[in-house]
Each structure stands twice: as C-alpha cells, then as structure tokens.
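Okay, here's what each chain looks like letter by letter:
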Amino acid sequence: MTTAAVLAILLPFAAAAAGLLGSRFPKGLRGGAADAAANRRAAWIAIVPTAVSTLLTIWLAYSIRTGQAAGGGDWLSRFTGSAGTARVATASVAVDTGSVPISIGLLVDGLAATIAVLVTVVALAVQVYSVGYLRDDRRYPSYSAFISLFTSAMLLVVYAADLLVLYVGWEVMGLCSYLLIGHWWEDRANSRAAVKAFLVTRIGDVGFLFGVFVLGTAAGGFRIADVLAKLPELPPGTILAAALLLLAGVAGKSAQVPLYTWLPDAMAGPTPISALIHAATMVAAGIFVVARLYPVFLASGPALDVLAVMAALGMLGAALAALAQDDLKRVLAYSTISQLAYMAGALAVGSRDAAVFHLITHGAFKALLFLCAGAVIHAVGSNLMSAMGGLRRGLPVTFAAMTIGFAALAGLPPASGFFSKDEVLAAVERSLSAGHLAAPVALLLYGCALATVAVTGAYATRAWLRTFFGERAPSGLPGTAVPEPGPSAALESAPPAAVHEAPPVMRWPIIVLAVPALLLGLPGVLHIHWGTAVLSVALALLGAGAVHTVWRSDPRRDPARLLGPLRRPCERAFSVDALYRAVFVRPTLLLAYVVARADGRVVDGAVRGSGRTVTGLAGLVRRAQNGNAQLYVTGLLAGVLLLAVGAVMLG
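Since we're looking at a predicted model, the values are computed, not measured. (Residues numbered from 1 in each chain as written. Predicted model: local features only at pLDDT ≥ 70, side-chain atom pairs only at ≥ 80, totals over all residues. Heavy atoms only, no water.)

Now, about the overall build of the protein chain: what can you tell me, with residues and values included?
The number of helices and strands found in the protein chain is 24 helices and two strands. In terms of overall dimensions, the protein chain has a C-alpha envelope of 125 × 65 × 60 Å along the principal axes. For the protein chain, with 651 residues in total, the buried portion stands at 54%. Nonlocal contacts in the protein chain, meaning residues at least 24 apart in sequence, comprise 80% of its contacts between residues at least 6 apart. For the protein chain, the exposed area adds up to about 26700 Å²; of that, 70% sits on carbon and sulfur atoms. Here the protein chain carries 46 positive and 31 negative side-chain charges, and the mean point of each set is 7 Å from the other. (Helix = DSSP H or I, 4+ residues; strand = E, 2+ residues; numbered from the N terminus. Buried < 20%, exposed > 50% of the residue type's maximum accessible area, 1.4 Å probe, protein only. Contact = heavy atoms within 4.5 Å. Areas by Shrake-Rupley, 256 points an atom, 1.4 Å probe, with all protein chains shown as cover. Lys, Arg positive; Asp, Glu negative; His and termini not counted. Charge placed at Lys NZ, Arg CZ, Asp CG, Glu CD.)

How would you explain the pattern of salt bridges if you had to name every residue and give the values?
As enumerated under the stated definition, the model contains 15 salt bridges in all. The salt bridge partner of Arg292 is Asp109, with a shortest N-O separation of 2.7 Å. Highlighted residues: Arg292 in helix H12 (residues 283-292) and Asp109 in the loop between strand E2 (102-108) and helix H4 (110-133), separated in sequence by 183 residues. For the pair shown, Arg292 and Asp109 are each scored as buried. A salt bridge links Arg330 to Asp265, with the shortest nitrogen-to-oxygen separation between them at 3.3 Å. With Arg330 in helix H15 (residues 328-348) and Asp265 in helix H10 (residues 262-265), this residue pair connects regions lying 65 residues apart in the sequence. For Arg330, a relative accessible area of 22% puts it in the partly exposed group. (Salt bridge = Lys/Arg side-chain N within 4 Å of Asp/Glu carboxyl O.)

Talk me through the layout of surface pockets; I want residue IDs and the actual numbers.
If you add up the space inside the largest pocket, you get close to 690 Å³. Lining the largest pocket are 18 residues, and of these Lys196, Leu199, Val200, Tyr580 and Val585 sit closest to its centre. Those elements giving two or more residues to the lining of the largest pocket turn out to be helix H7 (188-219) and helix H23 (576-622). For the lining of the largest pocket, the per-class residue count stands at eleven nonpolar, two polar and five charged. (1 Å grid on protein atoms, 1.4 Å probe; cavity = no way out; pocket = protein on both sides within 12 Å on 5 of 7 lines; lining within 4 Å. Points joined across faces, edges and corners; volume = space filled by probe spheres on them. Nonpolar A, V, L, I, M, F, W, Y, C, P; charged D, E, K, R; others polar.)

Account for the packing of aromatic side chains, naming residues and giving values.
Under the criterion given, the structure shown has 15 aromatic pairs. Arranged with centres 6.4 Å apart and planes meeting at 65°, the rings of Phe213 and Phe222 form a pair that is edge-to-face. Using a relative accessible area of 5% as the deciding quantity, one classes Phe222 as buried. Through a chain of ring-to-ring contacts, three or more aromatic side chains come together here, namely Phe399, Trp464, Phe468 and Phe469. Note that Arg202 overlies the ring of Phe198, its terminal NZ or CZ placed 4.6 Å from the centroid. (Phe/Tyr/Trp six-rings, centres within 6.5 Å; stacked < 30°, edge-to-face > 60°. Lys NZ or Arg CZ within 6 Å of the ring centre and 35° of its normal.)

Describe a positive patch on the surface, with residues and values.
On the surface, Arg597, Arg601, Arg608 and Arg612 cluster together to form a positively charged patch. As for its position among the elements, Arg601 is in helix H23. (Patch = residues over 30% accessible without salt bridge, like charges linked within 9 Å, V, L, I, M, F, W, Y side chains within 5 Å.)

Give me the lowdown on the nonpolar core, citing residues and values where you can.
Tyr159 and Trp262 are the most contacted members of the largest nonpolar core, which totals 209 residues. Among the elements that line this core, the one with the most residues is helix H16 (residues 352-380), at 19 residues. Apart from residues no more than four positions distant in its own chain, Tyr159 is found in contact with Ala5, Ile9, Thr57, Leu60, Gly105, Leu106, Leu107, Val108, Ala112, Ala113 and Ala116. (Core = buried A, V, L, I, M, F, W, Y, C linked by side-chain atoms within 4.5 Å.)

Account for the UniProt feature "domain: NADH:quinone oxidoreductase/Mrp antiporter transmembrane" (unreviewed entry) in the protein chain, naming residues and giving values.
Per the UniProt annotation, the sites labelled "domain: NADH:quinone oxidoreductase/Mrp antiporter transmembrane" (unreviewed entry) are residues 160-428. In the segment residues 160-428, helix accounts for 77% and strand for 0%; the C-alpha atoms at its two ends are 30 Å apart. (UniProt positions renumbered as here; feature names shortened; annotations may be inferred.)

Let's hear about the environment of Asp326: which residues, and what values?
Mapped onto the elements, Asp326 comes out in the loop between helix H14 (302-324) and H15. Here the alpha-carbon distance between Asp326 and Ala463, two residues 137 residues apart in the chain, equals 8.8 Å.

So what about a nonpolar patch on the surface? Which residues, and what values?
Together, Val515, Leu519, Leu522, Val525 and Leu526 line one region of the surface with nonpolar side chains, adding up to about 460 Å² of accessible area. By the element assignment, Leu526 lies in the loop between helix H20 (504-519) and helix H21 (530-553). What makes Leu526 exposed here is its relative accessible area of 74%.

Talk me through the environment of Ala279; I want residue IDs and the actual numbers.
Tracing the sequence through the fold places Ala279 in helix H11 (residues 271-279). Given a relative accessible area of 1%, Ala279 falls into the buried group. Distance in space between the C-alpha atoms of Ala279 and Val645 is 98 Å, their sequence separation being 366 residues. Ignoring sequence-local partners within four residues, the contact set of Ala279 consists of Leu118, Val122, Ala284, Gly363 and Ala367.

Tell me what's going on with unusual backbone geometry, and back it up with residues and numbers.
Residue Pro258 is bonded to the preceding Val257 through a cis peptide linkage, with omega at 10°. Inspection of the secondary structure assignment puts Pro258 in the loop between helix H9 (236-253) and H10. Residue Pro414 is reached from Pro413 by a cis peptide bond, and omega for that bond is 5°. Of note, Pro414 is situated in the loop between helix H17 (396-410) and helix H18 (416-430). We note that Met282 has phi near 55°; this positive angle belongs to a residue other than glycine. The residue Met282 is located in the loop between H11 and H12 in this model. With relative accessibility at 0%, the residue Met282 sits in the buried group.

Quick one: what's the story with H21, residue by residue and with numbers?
The α-helix winds at 3.6 residues per turn, so residues separated by three or four positions along the chain end up facing the same way. Under the 1.5 Å per step criterion, the end-to-end length of H21 is 34 Å for 24 residues, consistent within 8% with the ideal 34 Å. Residues of H21 that are buried include every one of Thr532, Ala533, Ser536, Val537, Leu539, Ala540, Gly543, Ala544, Val547, Val550 and Trp551, and no others. For H21, the elements touching its buried residues are H17, H18 and helix H19 (439-468). (Expected span 1.5 Å × (residues − 1).)

An account of empty space enclosed by the protein is requested, with residue identities and associated values reported.
Considering all chains together, one arrives at two cavities of 30 Å³ or more under this definition. What the largest cavity holds in volume is close to 50 Å³. Contributing to the lining of the largest cavity are Val250, Gln256, Ile287, Val290, Leu307, Met310, Ala311, Ala344 and Leu347. Listing elements by their share of the lining of the largest cavity, those giving two or more residues are H12, H14 and H15.

Please give an account of the domain arrangement of the protein chain that cites residues and values.
Each assigned domain of the protein chain is listed with its residue range as follows: domain 1 (301-473 + 498-561) and domain 2 (579-650). The C-alpha centroid of domain 2 is placed 71 Å from the C-alpha centroid of domain 1. (Domains from an automatic or database assignment.)

Take a look at the structure:
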C-alpha cells in the first residue's frame, strides 16, 4: 500500500523532470513545427503519469474503504475517510539529527486517500484540458511540467507522515504557484501577481514553520502520529502557540483573512491553473493540514475562536466582493475564499467531517466552474462579463455544465454543494448551544454563514445571467479588453456569430467533472437536516430572486447595482489592498530605501573613504621615491646635517 503511495507521488515528479528536460530532446529546436512537436511530447509526458497516479490513488482509496466497511462510524465519517478503523500503512526512515529526530515516511489513511483522489482527478482533468487551451503556447512544455510538480507536491503534503516532509511539499507548492501564475510573464501585471502570491504566502509560511518547530521540539519528534499522541503531555500554552502559528500558514495558503489578497490577483495565470489551485492544490492544502492536525486545534481552545472569526469575516466579505466583480474569474476567486471560509468555520465548531465533505464537493464543482469559465473565455475573447451575454445558444454543453456548477456553489439541490453546505450549516448551528466556541463568536459565525448563503445565491445567479442570458455586448466596446492573454487573444474581435464550443479535448474534462459536481453529495440524501436545509435553500433563492428581479428590469445593466452605495467598496474588496499598501508596503519600501541609502552613503562611504585616505597618503610617500639621485643625496646630507646640529646642541 505504501509502495503505491510512493509511486503516486513520484510519477508526477518524474513527469515534471522529463517534461522540463526532454520535451525538446535531442536537438532543442524552437519555432513552428518544433514547438508543435515539443508540445505533443510534453502532453504525453504529463498526462500518462498523472493518469497512472490517479489509478493508484483510486486503488488506495478503495483499499482503505474496504477496511472501513466493518469499522462503524456514521455515514459522513465513512465518506470523508475519517472512520476510526481504517487500515493504515506507514513506512518511515529515521534521520538522526543529534537532537530531535526526523522521520521520512508516508501515512496512508482514509483522509489522505480521499483527498489524494480529489487531487489526482482534478490534476488529470486540468492536464487534458490544457492541451487544447494552450495548444499554440510555446512554453506549454514547462507549463505542463510545473503542473506535474504541483500535483506531486500536493500528494506529498497529503501522504506525509512527518511534519517536515509535509513542509517540503508545502513549500514546493508555493514555488509552483509562483511559476504558473506568472506563466505569461511578459505582461508586467502577471509577473507582479506571481510575486504577490509568492510573498504573501511566504509571510504565512514563516509562522507555519515556527509552528512546526514548536510542535516537534515539544513532542520530541516531528512524526505526526507521535505529536498527536503526546498532546496530553504538552503545556496548554505550547499547544496554543503552535496552533496560532500554524493558522498563519493556513491563512496564507488557503487565502483566508488576513492573507487572502493574493488569490484574486492570481487570476492572471492561465485559467486551467486557477482550476488546479482553487480546487485541489494550494488553497485546499491549508484546510487539509488543519484536518490532519485537528487534535492540536481542539486542544488549543482560543485558536478555534480565532479561526471562527477569520472564517466569519472571510466568508461574508469575499461573497460581497464577488457580487460586484465584472471579471468572471475574479468572481470565482472570491467565491473560493468564501467557500474555504465555510470549511474553516466547520473546523472551528468541531466538525472536521463536514469541512472535509465540503472540501471534496467544492473541489469538484469549483474545478468545473473554472474549466467552464476557460471555455467561455476561449469563445468570447474576454474575462469580463460585460463582454458576454446570450452564450447559452452557442455554448450549450458549457451552459449546462456551468449551470450545475453554479447550482452546487449556491447550495441548491440536488447538486453536491447542497448536501455538504447543509452539513456545515448544521454544525455551525449546533455550536450555538454546545460547542468549543465562545457564545459571541459562535453567534457571529452563524449569522455570517446564513448571510453568505443569500449573497452566494445572488452572485452565482448574477454571473450565470450575465454570461449566458440577455444579448452579447458588441465587440470593441470600452471595458471589454482581454485581461488574460493566450488562446483568447486571437478571438478578441470575434463577432457573436463566431461563438462556438471548445474543442473536444477541452469539452470532455468539463463533462466528466459535471458528474461529481452534480452527484457527489447523494450519499447524504438520507441524512439531510431538514430545518437547516429549508432555511439555506430559501436564503439562496432569496438572493437569486433579488438579482433576477433587478436583471429583468434592465438586462443590459449590471444587477450589482442592487448593492447601492456599497457597490464601489465591494468592487474594490473594501480597499484592503490599499490599506495593506499604506500600512505595510509603503513603510517597508521607505525603510528599505533608507537602509539602502545608509548602506551606500555610510557603510560603503566609510570603506571608500578609507581607501581614498590610504591612496592619498601613498601619493605623498611616493613623491619621496621618484628616482632623482640629487634629491636622494640632498636628503642624505640634510639628515647628516640634522644629526650634527643635534649632537652639537646636546653635547
């Protein structure tokens, strides 16, 4: 079993190495036919190992669930892989460091097996989809290789048995996100978005690393099972400090308050990468780590209150920001922040299974939504919904699939998101009467969760209506520029009649992902919390109905006008970026400028000044050694004369 997990990790890693080194082998030619041949080789190198890795993770999940069959537990714990009697396979190699030992090994349990299937299935869909989306991109070989490396790193995080091994995969994902977001680096905005994502997540990763060190040194080892076993022996202050430090890394990777600002700007990358980052890697890693180390957070007390406040602010704030965006990808980006906050809220109230359930269903429908958005952008030539409209006739498959995705996002039955969101809301509701949270925090979380349901229904309906209904805006109107380069650039001026479905290589991944997005929640059909479910659907329909009413009054205008005076603040995401620039970025740049000037004027000035002083003194001494014999004789005589005068005066 462990061998299969090792292969599942190493195959995408080997594909990344082969794609980077062998796509243009042996001649390294570029341009025209050489680029096309390199792209074909890179596609095979990327897709085949990912497909094998997918089969291995599915086999592992099946084997684990076979062990769970007789183990009891409720339906949700069995579905998410957290049932207590699952078979566990571990393999570790201890590394003696002289102090705290490090174990290099893998842990294969129900939780890891379930999330690994999500990772590989979405990664495979993205790899296949990208063949058509980046068909003429000369840097496709490196792009596909980085996706393979991204997949391998996430699988390492999922299967890691040691905190330091987990941290290696955690950091490699950060590097891959930087490389992929900046894929079209020629545009300065894209390279800036990549740097921003890298720096913001690094801020959180500093805290995460210290949290790992605190846990490992306190427990006497970094092996996850050992750390969790020794929790009862650790001081409460140590556990709280470790949990809060780990939350810093989770906030960065999973784009939660206050380190969420990188994710909307990350839409500068190719759309398939957005699907991978938002559905199965990177942002999912933070939620997974909290689930993996959940006993640490349960034992930390106030850390769960902090997580709940982060979730409450993030879910509602991001949903309101999504309601005012014109860029379709940014709508989905803010929706990811909001949905991840739902998972964080479930974890905060003590329901790991509900959080993991929503993580799984969200991975399915969010990957579907992003790939559908890519198909729309491919057809229209713009990310902006103001350039769309009336596309349901030209894109029937994409329309049907995206309708399923939006229904799941809004939590409408029978889509998968309805069942997972029902579990989350029921868990949050139970926390009002009994739970780990302080009463005001629990009330804040519950109120924000219900309000977010209505806002989610509103922004999902707005995006659906503006994309597929009404009339398409004429090409060339102001404000319909193409924010994303690549395949859409050639279609920028395409007339409405030219809109057509994406090629089959892009269409089939959409069709396949539509199935779990619709049906993945059906195991919970007999376990619906009817009171919560009715309230949730009513709120979602209320938000959807409000947007539809405003849209029907004037389909050419943006329904976001229902926000009134809040529209501009929501469109700017409440100017948090501007606040960070004023409070952190500009003072840091000013300090860097002062340090650089001090280094150049004071430190380097002192060094250069001492050099000039020595050079000047050397110049004076050099004048006495100019090769003039008369000067030497004169000096000698002068010296003798001085000695004689001195002798006479002193004698």
